[in-house]
Amino acid sequence: MKITVQSSRAVRPDYGSDGAAAGSAAGDVVTLSVFDKVNFDTYVSVIYVFRPPMPPNAALEAGLARALAEYREWAGRLGVDADGNRAILLTDEGARFVEATADVTLHSVLPLRPTKEVRSLHPSSDGAKELMLVQVTRFACGSVAVGFTAQHHVSDGRATSNFFVAWSQATRGAAVDPAPVHDRASFFAPRDPPQVEFEHRGVEYKQKQPARVKEYAISADDDGADDEVAVHKVHFSREFISKLKSQASPPGTHRPCSTLRCIVAHLWRCVTAARGLPPGASTSVRIAVDGRVRMTPPVPEGYTGNVVLWAWPAATARDLVTRPLQHAVELINRGLARVNESYFRSFVDFASSGAVEEEGLVPTADAAETVLSPNIEVDSWLRMPFYELDFGGGRPFFFMPSYLAVEGLLIVLPSYFGDGSIDAYVPLFSRHIDAFKNLCYSMSLN
């Protein structure tokens, strides 16, 4: 598959008859919230694929300009506000719009695999000043891939997905729904007096450490040799998920284990076993928790920033692998229950107290960390509206994250089959992939 870039240009917000004055009405700077600043300072890339017909590129570009008028953040640049705080400068310099063509039919390269090759279907973030970059790639058969590369400091997955949907709505001439909510100050004001009820050092924040030359996975058979990371895609059918739920739920319960929790528990156990961790090694799973419905009053659906913290269930490798799946689910349940409204409010108070700056703390969400073993992170995209994009020719029939070779960073999302099945993208050292494949469809690790 050869991808040829035909053009690349900035697309600025289109305010219509109101002109640029409409854009400046809301102010020129959006200061990053405590949730924005504690999140990953990196770009995230995803790929949507549509069958024909699709609107011409000119219509997609015009729709993007109208969507950027609603979401000015994505047309801005990162900088600092008058007080020196990191902020989004609403400069209206625009998002990057790339037009490309592929020399093959889409059918000839399906299913798209999580390899380095798919990175040609979205813009690179290398050296990027733009906060949003999009690429429209037209295949020889008329199918279209739309690839996004977006800066995570601007918004979390939920809010970024809302922008994608807004672009498709603006292209069709429909109203943007949900309406974006740009106020990042009032929702997360610290309490007076502050009430730091939980420990946030070592959880959301850590002491800054000197850069290490190399990191290796901890495993029983690790000889220190370097190894490549491979991304393995796992498909869990509805029938397999049903069996997992049955195994994960307490006997006689009227409320079976959720799909996400049993999948996370199963993957955590399988990865731990595949790595061959020493029995006494501690392993944890980092799970993103959306605070929108956990805070009072709830954060609006259209909120445009980050509202994510993490649960950190932990166990020894021996307990996790030898005890039943239900044990791992219980650990996850307790970890998630702990990240409630009190925890979110405690975090806001701590992050706003000045302790982070005084103690030189940095976020544990470190994009430079490329090996997570003996731990894993699971990002759930199950509830994000990926399949609601419709530029006028129908919804996407396929969606995937880009190739991301961070060992132990797993992404879980709905399968494109649309039948309730789940796909998981699992990056591991290649020496552990075969063992993982042998375990991931097993009901027992013993």
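The shown structure was predicted, so the numbers you read here are calculated from the model rather than taken from an experiment.

Novice: Can you help me understand the pairing of strand 5 (residues 86-89) in this one?
Specialist: Two faces make up the sheet, and in a regular strand the side chains alternate between them. Bridge count for strand 2 (residues 29-31) against strand 5 is three bridges, and the pairing is antiparallel. For V30, the partnering residue across the bridge sits in strand 5 and is I88. Bridging between strand 4 (residues 77-80) and strand 5 involves four bridges; their strand directions are antiparallel. Counterpart to L78 in the pairing with strand 5 is I88. Between strand 4 and strand 5, which pair antiparallel in sequence order, lie five residues; one of them, G84, sits at a positive phi of approximately 85°.

Novice: How do you make sense of the sheet that holds strand 4 when you look at a structure like this?
Specialist: Two strands in a sheet stick together by hydrogen bonds in their backbones, pointing the same way (parallel) or opposite ways (antiparallel). An order of 2-5-4 is seen for the three strands of this open sheet, with the pairing classed as antiparallel. Strand pairing shows two members of the sheet lacking a second neighbour, strand 2 and strand 4, which therefore form its edges. Within this sheet the neighbouring strands show an average axis-to-axis angle of 35°, counted without direction.

Novice: Help me out: how do you make sense of the packing of helix 6 (residues 259-275) against helix 11 (residues 430-439) in this one?
Specialist: What describes two packed helices is the angle between their axes and the distance between those same axes. Two elements in contact, helix 6 and helix 11, have axes separated by 8 Å at closest approach and are oriented at 135°. Accordingly, the angle class assigned to the pair helix 6 and helix 11 is oblique. In the packing of helix 6 onto helix 11, the handedness of the crossing is right-handed. Packed against helix 6, whose contacting residues are H266, L267, C270, V271, A273, A274 and R275, the element helix 11 presents H432, A435, F436 and L439 at the interface. Residues that form the contact of helix 6 with helix 11 fall into these classes: eight nonpolar, two polar and one charged.

The rules behind these values
Residues numbered from 1 in each chain as written. Predicted model: local features only at pLDDT ≥ 70, side-chain atom pairs only at ≥ 80, totals over all residues. Heavy atoms only, no water. Pairing = 2+ DSSP bridges. Helix = DSSP H or I, 4+ residues; strand = E, 2+ residues; numbered from the N terminus. Axes fitted to C-alpha atoms, helices over the stretch in contact; angles between N-to-C directions. Parallel < 35°, antiparallel > 145°, perpendicular 65-115°, else oblique. Left-handed = near helix turned anticlockwise from the far one by under 90°. Contact = heavy atoms within 4.5 Å. Nonpolar A, V, L, I, M, F, W, Y, C, P; charged D, E, K, R; others polar.

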